[in-house]
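Examining the three-dimensional arrangement
Spelled out from the first residue to the last, the chains are:
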Amino acid sequence: MQKNVTWQAKWIWCNGPAQPRNFRLNFRKCFPIQKNIKSALLHIAADSRYRLYLNNEWIGDGPARSFPHLQQFDTYDVTSNLVNENILAASVNHYGEGTFQYNLGRAGFLCQIELLYADDSIEIIASDSSWNVCPFIAYQRRVPRISCQMPFEEQYDANLFPDTWCQYNFDEHGWEPAIEIGPVGMDPWKSMEPRTIPFLTREHKYARSVIDVACVKPVKMVETFHVKRFLMPDDKMINRHDYRGVVYTTILSPVKQKATLPRQYSMYLGPWYLNGKQIKHPGRGYTDIELEAGENLFVADLVGDNHYVEFILAVDAEHPVRIKAPLGGPGKWLVAGPLDDDFDEAKKQVQEILTLDGLKKSKHSLNFSNIADECAADVWNVIYSQKRVDGKPDILNLENMMFDNKSFTEIQPCENDIAILFDFAREVVGYTEFELEAPADVVLDAQFFEAINDGIRQETYSNRSSFRYITKNGRQRFLTEWRRGFRYMEITLRHIIGPVKIRYIRTIQSTYPAVERGQFKCSDSRLDQVWEVGRHTMLCCMEDVLTDCPGYEQTYWVGDGRSEALICNAAYGEWALVDRCVRIVPQSLFRSPLPESQVPSAWQNILTAWSLLWIQMAHEYWLYTNDRDCLKEVYPGIAQTLDTCKKYCDNEYGLLSLHQWNMFDWAGTDTEHDLVTHNNIFFVQALNRAAILADELGLDSDCEKWNSFKSDIINNINLHLWSDEKKGYIDSIHNDGTPSEVVSQQTNTLALLYDIAPPERVTIIKEYPVNPSKDMITFGSPFAMSYLLEQLGKSGEHQHILNIIRDRWGFMLDAGATTFWETFPGFLKHIPTRSHCHAWSAAPTYFLSRYQLGVAPLKPGFNKALIAPEPADLTWAKGAVPTKNGQIFVEWHKSETEFTLKIQLPEQVEAEIILPVDPAHMKTVLFDDQKEKPDSVLQIVAQNNRWIVECKPESSFKITCK
């Protein structure tokens, strides 16, 4: 984590395009060490991702995600890795287009080793034209994206590249000198920023059981191609677009026959047509079709708003079929468009070109695919659509592959493919690694997913959580380059022409190296389990930033980050990670009016509430850490955000009105409009937090400005967004000026939480958080419900908090959850939730520590802590809450006649203790069973029906109230 690097290294690459799509390039540099070394530091960066080896040892992967103009680099201490003759080897995967974790720069690699010798002389080994490079052709380039959020599915053929390329004595015949493309500071990497967080962990995780073994057969044909190039050819971002196109292919059948469109997943769920007649998209089921002998015209309507990348078509028939482009064109596919910009008119135009005659008369541009557009395989859809068949696999010592004990599982040759389903018992996230012996050209396909619901697998629809490995002859080991989050892994072995001996298959769990500083136990084991499952959910979503989920996106959603930071604080106290998440958000302001909804991301998207929640997160990080350096860095972004929001209040209502994505909860709230109530309520709270931060920085005029505007927004909310008729705050004002008919639990809970409602309206809506009216929209996600829990805590309704946690989160435990779900059941029709591991849902871990242990910062950096436990129906609780100065330990017990509290404070942390007893009923207070208070207690007073104790840092005692 060195900050000052004098760079001599050059950015290097090879001849070819600056932004090749899904291109991997390997680098090698041999160098001797002829003197004794004191230290050796290796600095490295790449665009997009590197994997680094030194003397055939896997050193690490990186860099941490960043915007290209603030390029992150990593530093490794490699002193102990060096020998007399050394080989540095690295593989770099350049994506050539954006993801939700990566903004497109250009292909490049940068590396520098600083050798400090015993005689204090220094030698620099720097990337330049003396390094050798070679394309890593073992990885297939023509593969589909994992998803719009992530890069490309891994497909690796071990026959195509020697696995000894990381070794010193490897023959570099055919390798070429690297091309120097520029020095540090060149565009797009204008600034090099050091990594500020530790590297991720490596923990071996093995499956706990094999739950199914079956013979299977793949579908006869799965075809996938890169359709986005035709619909949006110059766009290498991953934004949503209004696409106006139609896709065509000709299905060639040797005979007239019935065929099946097996279950398959594509983002294109719009109308499909065969020979001019509409057919049902199979989605998660099957569709029977009739094929004529010869040519059958297939047409797919792509008109709509989406993150389109690939198009998929699978067909199963007794007599195998193939596809080719219609109209005698080259390749397999034809795309017509663009159609009219107007949606309805475009849909009419689709109907005019459903036949070849219509297509020939069309004046729309026609574009044919070529081999570069057509994916070599689509492993996830091949696995997804394969069928179970009769037969029993011949497998010896099945369980041996679940351990690294030098034993093997042996799989005998089979005419069918063999699928083996593993259960890892709970969510894991990491790289998959295996070692095996096999003949050449056996195919190992792997698929990963999170849940089995009532015996039905819930595969990762719209996410290719899969990879393919093709064996060479003999002993071999493979380690994936992409981390995947899952509970269940299925491997399918194909073309098993000889025995396959698998020594082990495992996951190398890779998360932020979080220390379990937070602790919680209480008299209700169900709440204990909720707290621990929340902690594990959080861990699975801690990478180089806080992420939403390990399975589907691995994306830092900024609004999620506010809740996730509080959970992280309670469970782990990993301040460096939260610090990074706070600082990286305003970096998106170089191209957007408000901080973007996910950073760094190639979806240039604003979700208004998320921009405002970042300001809460920044304030809370300062409150927990007193990190003024971070505050000074991000405050200009806070001020810019609020000033921009203020400009968007220049309307007849004097309220924030933006044409952006204005979601807050996965529920039926009426928020698809510019002027949304919850945005304005979050704006009020952002102004409130910003005023506190401005005061801390001595910016009196800003403090006054934010407070003044806060009052204006509160007044205008109450003037325009309250309905006397509906007895509540409405969700929005429609763009035509019509007030919303919806009064939701979400909006009114936020109005209470952030003190929007005057006393007379509080009286009306105060029951809505726990007793919504029957026609009221209610909370749909654990994330949004965390704001309900926050409001109940603020209003002192702690029994309701525990009841809700036991019910809504306990339901997930009863359903077998090992991590908490993205949504509550009901929002999605066919499945309980999409992601089964979503950090925004782990809020009870924070709330149980915050209220039942009762610990919160009273002064920035926990220089003074509040310890105010709220027992509700619990009889005891104990645990620890992290601070930057150490842990605060709390343990309390309650009976009808006595309440005891033990505390232990770290140095520099004083505390105000509020005991949940009435001095009128428990008049006696003892310290360590003595009436005399210890020197560490500054005072004890009876106030507001509570005993209040003030104590010094490093206090450690027991208080007994009788």
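Residues numbered from 1 in each chain as written. Predicted model: local features only at pLDDT ≥ 70, side-chain atom pairs only at ≥ 80, totals over all residues. Heavy atoms only, no water.

**Thoughts on the overall build of the protein chain**
- What the protein chain contains, in helices and strands, is 16 helices and 55 strands.
- Expected size for 962 residues packed as a compact globule is a radius of gyration near 30 Å; at 30 Å, the protein chain falls within 12% of this value.
- A burial count over the protein chain gives 62% of its 962 residues as buried.
- On the protein chain, roughly 36,100 Å² of surface is accessible, and the fraction owed to carbon and sulfur atoms is 47%.
- On the protein chain, the mean spot of the 98 positive side-chain charges and the mean spot of the 125 negative ones are 2 Å from each other. (Helix = DSSP H or I, 4+ residues; strand = E, 2+ residues; numbered from the N terminus. Rg over C-alpha atoms; globule rule 2.2 N^0.38 Å. Buried < 20%, exposed > 50% of the residue type's maximum accessible area, 1.4 Å probe, protein only. Areas by Shrake-Rupley, 256 points an atom, 1.4 Å probe, with all protein chains shown as cover. Lys, Arg positive; Asp, Glu negative; His and termini not counted. Charge placed at Lys NZ, Arg CZ, Asp CG, Glu CD.)

**Quick notes on the pattern of salt bridges**
- Counted under the stated rule, the structure contains 61 salt bridges.
- The shortest N-O distance in the salt bridge between K472 and D163 comes to 2.6 Å. Within this pair, whereas K472 is found in the loop between β37 (466–470) and β38 (474–479), its partner D163 is found in the loop between β11 (154–157) and β12 (176–177), the two being separated by 309 residues in sequence.
- What emerges from the salt-bridge pattern is a single network uniting D404, E433, E435, E437, R475, R477, R503 and R506. (Salt bridge = Lys/Arg side-chain N within 4 Å of Asp/Glu carboxyl O.)

**Brief notes about unusual backbone geometry**
- Following D47, the chain continues into S48 via a peptide bond in cis, with omega recorded as 25 degrees.
- Relative to the assigned elements, S48 resides in the loop between β3 (37–47) and β4 (49–54).
- In this structure, the amide linkage connecting G62 to the following residue, P63, adopts the cis form with an omega of -5 degrees.
- Note on placement: P63 falls in the loop between β5 (57–62) and β6 (71–77).

**Some remarks on the pairing of β11**
- A two-sided burial pattern is seen for β11, the buried positions comprising E154 and Y156 on one face and Q155 and D157 on the other.
- One ladder, built from 4 bridges, connects β11 with β37; its direction is parallel. Across the sheet, the residue bridging to E154 is F467, located in β37. (Pairing = 2+ DSSP bridges.)

**Observations regarding the sheet that holds strand β2 (residues 23–32)**
- Judged by pairing direction, the sheet is antiparallel, and its 6 strands sit side by side in the order β5-β4-β7-β2-β10-β12 without closing on themselves. In the strand order of this sheet, the two ends are held by β5 and β12, each with one partner.

**With respect to the packing of helix α14 (residues 782–794) against helix α16 (residues 843–852)**
- The contact between α14 and α16 brings their axes to 10 Å, and the two run at 10 degrees. Compared by their axis directions, α14 and α16 come out roughly parallel. Side by side, α14 and α16 meet where S786, L789, E790, G793 and K794 of the first sit next to A843, F847 and Y851 of the second.
- By residue class, the composition of the contact of α14 with α16 is 4 nonpolar, 2 polar and 2 charged. (Axes fitted to C-alpha atoms, helices over the stretch in contact; angles between N-to-C directions. Parallel < 35°, antiparallel > 145°, perpendicular 65-115°, else oblique. Contact = heavy atoms within 4.5 Å. Nonpolar A, V, L, I, M, F, W, Y, C, P; charged D, E, K, R; others polar.)

**Details of the packing of aromatic side chains**
- A full pass over the atoms with the stated rule returns 67 aromatic pairs.
- For the ring pair F424 and F486, a centre distance of 5.1 Å and an interplane angle of 85 degrees mean the geometry is edge-to-face. You can see F424 sitting in strand β33 (residues 417–438) and its partner F486 sitting in strand β39 (residues 484–494), a full 62 residues away along the chain.
- Geometry around Y139 places R24 over its ring, the cationic atom sitting 3.7 Å from the centre.
- One residue, R229, lies across the ring of F230, its end atom 4.4 Å from the ring centre. (Phe/Tyr/Trp six-rings, centres within 6.5 Å; stacked < 30°, edge-to-face > 60°. Lys NZ or Arg CZ within 6 Å of the ring centre and 35° of its normal.)

**A look at the sheet that holds strand β51 (residues 910–915)**
- With mixed pairing, 5 strands are arranged side by side in an open sheet as β46-β47-β51-β54-β53. Either end of the sheet is taken by a strand with one partner, and the two such strands are β46 (855–857) and β53 (937–943). Within this sheet the neighbouring strands show an average axis-to-axis angle of 20 degrees, counted without direction.
- Bridge count for β51 against strand β54 (residues 946–951) is 5 bridges, and the pairing is antiparallel. Its bridge partner being in β54, I913 is matched across the sheet by V949.

**Section: the packing of helix α7 (residues 575–584) against helix α9 (residues 628–647)**
- α9 packs onto α7 with a crossing angle of 15 degrees between their chain directions and a minimal axis gap of 9 Å. On the basis of the axis angle, α7 is roughly parallel to α9. Between α7 and α9 the crossing geometry is left-handed. Residue-level inspection shows D579, V582 and R583 of α7 in contact with α9, the latter providing D629, C630, E633 and V634.
- Among the residues making up the contact of α7 with α9, the classes are represented as 3 nonpolar, no polar and 4 charged. (Left-handed = near helix turned anticlockwise from the far one by under 90°.)

**Comments concerning the nonpolar core**
- Ranked by internal contacts, the top residues of the largest apolar core, which has 164 residues, are W610, I638, L642, F683, W809, I913 and L915.
- Per element, the largest residue contribution to this core is 12 residues, and it comes from helix α8 (residues 608–625).
- Sequence-distant contacts of I913, that is, excluding residues within four places in its chain, are made with I867, L901, I903, W947, I948, V949, C951, F957 and I959.
- Within the second largest apolar cluster, 46 residues are counted, among which are F170, A207, F478 and L479. (Core = buried A, V, L, I, M, F, W, Y, C linked by side-chain atoms within 4.5 Å.)

**Comments concerning the environment of P882**
- Within the secondary structure, P882 sits in strand β48 (residues 876–883).
- Counting along the chain gives 24 residues from P882 to P906, while the straight-line C-alpha distance between them is 9.8 Å.

**Structural notes on the side chain of D560**
- Within the secondary structure, D560 is located in helix α6 (residues 558–571).
- Within the buried set, D560 has no salt-bridge partner at all; the shortest N-O distance to an opposite charge, 8.4 Å, is to R834.
- A distance of 3.1 Å separates a polar atom in the side chain of D560 from a polar atom in the side chain of W610.
- Those residues in contact with D560, other than ones at most four positions away along the chain, are D548, W610, F783, H838 and W840. (Polar contact = N/O pair within 3.5 Å; in protein donor to acceptor, adjacent residues only side chain to side chain.)

**Regarding helix α2 (residues 343–352)**
- Regarding α2, the residues found buried are A346, Q349 and V350. Around the axis of α2, the buried residues are gathered within 110 degrees of arc, so they sit on the same side. Along α2, exposed side chains directed more than 90 degrees from the buried face belong to D344, K348 and E352.
- Buried positions along α2 lie against β19 (246–253) and β24 (294–301).
- N-cap assignment for α2: the residue whose side-chain oxygen lies 3.2 Å from the backbone N of D344 is D342. (Arc of directions from axis to C-beta.)

**Considering a negative patch on the surface**
- On the surface, a cluster of negative charge is made up of D242, D340, D341, D342 and D344.
- Along the chain, the position of D342 falls in the loop between β28 (334–336) and α2.
- Residue class for D342 comes out partly exposed when judged on its relative accessible area of 42%. (Patch = residues over 30% accessible without salt bridge, like charges linked within 9 Å, V, L, I, M, F, W, Y side chains within 5 Å.)

**Observations concerning α6**
- Its 14 residues place the ends of α6 20 Å apart at the C-alpha level, agreeing with the 20 Å of an ideal helix rising 1.5 Å per residue.
- Most pronounced at E564, the bend in α6 amounts to some 25 degrees.
- Among the 14 residues that make up α6, 14 are buried, leaving the element largely enclosed by the rest of the structure.
- Just downstream of α6, G573 is the residue with a positive phi angle, here 65 degrees. (Expected span 1.5 Å × (residues − 1). Bend = angle between axes of the 7 residues up to and from the residue.)

**What to know about the environment of I692**
- Locating I692 in the fold gives a position in helix α10 (residues 677–696).
- Along the chain, I692 and C703 lie 11 residues apart, while their C-alpha atoms are 7.1 Å from each other.
- For I692, the residues in contact, after removing those within four places along its chain, are H619 and W622.

**Let's talk about the state of the cysteines**
- Under the counting rule described, the total for this entry stands at 0 disulfides.
- C581 supplies the cysteine sulfur nearest to C630, a cysteine that is in no disulfide, at a spacing of 10 Å.
- Take C630: its relative accessible area is 2%, and that puts it in the buried class. (Disulfide = S-S within 2.5 Å.)

Treat this as a map of the structure, not an account of what it does.
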